[in-house]
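Survey of secondary and tertiary structure
Listed below, chain by chain, are the residues.
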Amino acid sequence: MTKYIFVTGGVVSGLGKGIVMASLGRLLISRGQNVIAQKLDPYINIDPGTMSPYQHGEVFVTEDGAETDLDLGHYERFINVNLNRYSNLTTGKIFWNVLNKERRGEYLGETVQTIPHITNEIKDFIHAVGKKTNADVVMTEIGGTIGDIESQPFLEAIRQISGDVGRENCLYIHVTLVPLIASSGEQKSKPTQHSVKELRSMGISPDIIITRCDFPLDDSTRKKISLFCDVKPDCVIDSLTVPTIYSAPIMLENQNLSEIVCRELHIKTKPINLTPWKEMLNRIENAVKPVNIALVGKYVKMRDAYLSVSEALRHGGYENGAKVNINWIESESLTYENAESILGRADGIIVPGGFGDRGILGKIVAANYARTHNIPYFGICLGMQTAVIEFARNVCGLADADSAEFNKKTQHKVIDLMPDQNSKQDKGGTMRLGAYPCEIKPDTVLRSVYGKKEISERHRHRYEFNNDYREIMTQNGLTISGTSPDGKLVEAVEIEKHPFFVGVQFHPEFLSRPDKAHPLFKSFIKKSLEYRENK
């Protein structure tokens, strides 16, 4: 029988529900359980794909091409499972599905209502992710905070599931804040009590309360929460501040979280084996060699817009014994005139993805500085495209080379839509999303990094390298090191006679894990360390 764990949050947002759930997922996997995770978001957008990064942070792309919440990145990095389109659901998608069913007559003339039609759609979605993966445990995080009006259908749906599958097969975890009053040094449980009261008014009584606090709960506070919120004393768990998010599973397991969860759900498991995870944490602790990486992006004011990139850089550091210091550079501020003062101390330069023409010149300048100063360069998606534009302008002599995304009137569209895309009006129809294969050319940096001929990587982009410019580019020293299997799409480029200048059309950051860095990030950090040592 599949078990269901639901994680809700109270008092304030930003308490780390996603990290708590990802950590519990890691603990259950370490006990031999097959775990899948999903996030239910209450906003009315169909998905975060068209949302501003300043509003929502990064869009995490799954193998099957779903554009999802950034918390799914945490889930994948912790539980090392490729999630799917059933792993993220929004209010907008629910309404869209229900209204389409109504228009097709699938409700046979019924009056369509929040209960049962909206709640049934949510429940079907929760069950679907478990059926698709044959999971032993389905873990579901409810976005937002208890008391938000838009979350109510989700809460009603997860309340109903306990009746559908049996209360013994459902576990409710509530993450709350226990503030400390500095003047008195007193921990306050009242916000947690009120939050649980609000949750219980929706028909849900939490089995476990996880309290976000900077210091361990004192005995009196723990007993008070246990008494007034009607949970067992050992089911009140501290969520403390840790040196790295990857320490969270150990911090929670030190309080027997996975044992308690298995007890409450009547799961018989193997003894927990956290040795590989602890070995990884030891590598993190001993990664002390400094390396300075300049991240040149359009959205650096909202660092969560590059969450997977920054985490992948750190993963690359862990495997090289390096402490990665990221210098966040707003691309709009970077010019040819100030490049030396801004980028001069960098040991490596990374230019991640993005959309639109704002800040493009700064990305081009970053590629130029890295190329002309032999600094390791790693361009991802738009970062590859701006590197191609820079090469076309300054090496191939195509002064007005540009992307059709930014300048439709330019004579030299070195980045453009493919011919079969131009007839599509709906922008969503022209996006390349999800995993696609790539064949790697022999005797290239990319081949040495991956160590194999064919790879699969996730994509999220619309524009491509224009094949009309392959010849002039390669004649001037650009190597096309990766293509689609049919050779029609350029997937990766390199510059000859450069220590590390790699641009990829895909997003390797989505496949990086803390215990197994993506090979491109591992190699980029390695070359950056070498550059630093040889300065």
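What counts, and at which threshold
- Residues numbered from 1 in each chain as written.
- Predicted model: local features only at pLDDT ≥ 70, side-chain atom pairs only at ≥ 80, totals over all residues.
- Heavy atoms only, no water.
- Pairing = 2+ DSSP bridges.
- Helix = DSSP H or I, 4+ residues; strand = E, 2+ residues; numbered from the N terminus.
- Axes fitted to C-alpha atoms, helices over the stretch in contact; angles between N-to-C directions.
- Contact = heavy atoms within 4.5 Å.
- Phe/Tyr/Trp six-rings, centres within 6.5 Å; stacked < 30°, edge-to-face > 60°.
- Lys NZ or Arg CZ within 6 Å of the ring centre and 35° of its normal.
- Salt bridge = Lys/Arg side-chain N within 4 Å of Asp/Glu carboxyl O.
- Buried < 20%, exposed > 50% of the residue type's maximum accessible area, 1.4 Å probe, protein only.
- Patch = residues over 30% accessible without salt bridge, like charges linked within 9 Å, V, L, I, M, F, W, Y side chains within 5 Å.
- Areas by Shrake-Rupley, 256 points an atom, 1.4 Å probe, with all protein chains shown as cover.
- Core = buried A, V, L, I, M, F, W, Y, C linked by side-chain atoms within 4.5 Å.
- Expected span 1.5 Å × (residues − 1).

Considering the sheet that holds strand β2 (residues 35-41)
A sheet is described by the order of its strands in space; here seven strands give the open sequence β5-β2-β6-β1-β7-β10-β11, paired in parallel fashion. Of all strands in the sheet, those with a lone pairing partner are β5 (88-90) and β11 (236-239), marking the two edges. Neighbour to neighbour, the strand axes of the sheet diverge by 20 degrees on average, direction disregarded. The pairing of strand β10 (residues 208-212) with β11 spans four bridges and is classified as parallel. Note on β11: the bridge partner recorded for Arg-212 is Ser-239. Along the sheet, helix α3 (residues 71-79) contacts β2, β5 and β6 (137-142); its crossing angle with β2, the most-contacted strand, is approximately 170 degrees. Its contacts with the sheet put helix α5 (residues 114-133) on β1 (3-9), β2, β5 and β6, and the angle it makes with β2 is roughly 155 degrees.

A few points about the packing of aromatic side chains
Evaluation of the coordinates by the stated rule reveals 14 aromatic pairs. Counting every residue linked through ring pairs, the aromatic cluster contains Phe-378, Phe-500, Phe-521 and Phe-524. Cation over ring: Arg-432 sits above Tyr-436, and NZ or CZ is 5.2 Å from the ring centre.

Some remarks on the pattern of salt bridges
Under the definition given, this model contains 31 salt bridges. A salt bridge links Lys-39 to Asp-71; the shortest N-O distance between them is 3.0 Å. Here Lys-39, found in strand β2, pairs with Asp-71, found in helix α3; they are 32 residues apart in sequence, far enough to count as distant. The pair formed by Lys-39 and Asp-71 is uniform in burial state, with each residue classed as buried. Residue Arg-393 pairs with Asp-402 through a salt bridge whose shortest N-O separation is 3.4 Å. The class of Arg-393 is partly exposed, set by a relative accessible area of 23%. By relative accessible area, Asp-402 is classed as buried at 10%. Ionic contacts of the salt-bridge type, sharing partners, join the residues Lys-39, Asp-41, Asp-69 and Asp-71 into one network.

So, the sheet that holds strand β21 (residues 478-483)
As summarised here, the arrangement of the nine strands in space is β13-β12-β14-β15-β23-β22-β21-β18-β19, forming an open sheet in which the pairing is mixed. One side of each edge strand has no neighbouring strand; the edge strands of this open sheet are β13 (322-330) and β19 (454-461). Within this sheet the neighbouring strands show an average axis-to-axis angle of 25 degrees, counted without direction. Two elements, strand β22 (residues 490-495) and strand β23 (residues 501-504), share three bridges in a ladder whose sense is antiparallel.

Thoughts on a nonpolar patch on the surface
Together, Ile-44, Phe-95 and Leu-99 give the surface a local cluster of nonpolar side chains, amounting to about 310 Å² of exposed area. Structurally, Ile-44 is set in the loop between β2 and α2 (53-56). Since its relative accessible area comes to 62%, Ile-44 is described here as exposed.

Some points on the nonpolar core
Side chains of nonpolar character tend, in soluble globular proteins, to be buried together. Grouped together as the largest cluster of nonpolar side chains are 85 residues, with contacts concentrated most on Ile-5, Leu-28, Ile-122, Ile-208, Leu-257 and Val-261. Residue contributions to this core peak at seven residues, all from helix α1 (residues 17-29). Filtering out sequence-adjacent residues up to four positions away, Ile-5 remains in contact with Leu-24, Leu-28, Val-137, Val-138, Met-139, Thr-140, Leu-171, Ile-173, Val-261 and Leu-265.

Some details on unusual backbone geometry
Residue Pro-116 is bonded to the preceding Ile-115 through a cis peptide linkage, with omega at 20 degrees. With respect to the helices and strands, the residue Pro-116 is situated in helix α5. The backbone of Val-11 sits at a positive phi, close to 80 degrees, despite the residue not being glycine. In the Ramachandran plot, Asn-374 falls in the positive-phi region, its phi being about 55 degrees despite a non-glycine side chain. Summarising the element assignment, Asn-374 is placed in the loop between α14 (360-372) and β15 (377-380).

Thoughts on α14
Its 13 residues place the ends of α14 19 Å apart at the C-alpha level, agreeing with the 18 Å of an ideal helix rising 1.5 Å per residue. Summarising burial for α14: eleven of the 13 residues are buried, a large majority. Among the residues making up α14, those that are buried are Ile-360, Gly-362, Lys-363, Ile-364, Val-365, Ala-366, Ala-367, Asn-368, Tyr-369, Ala-370 and Arg-371. Phi turns positive, to about 55 degrees, at Asn-374, one or two residues after α14.

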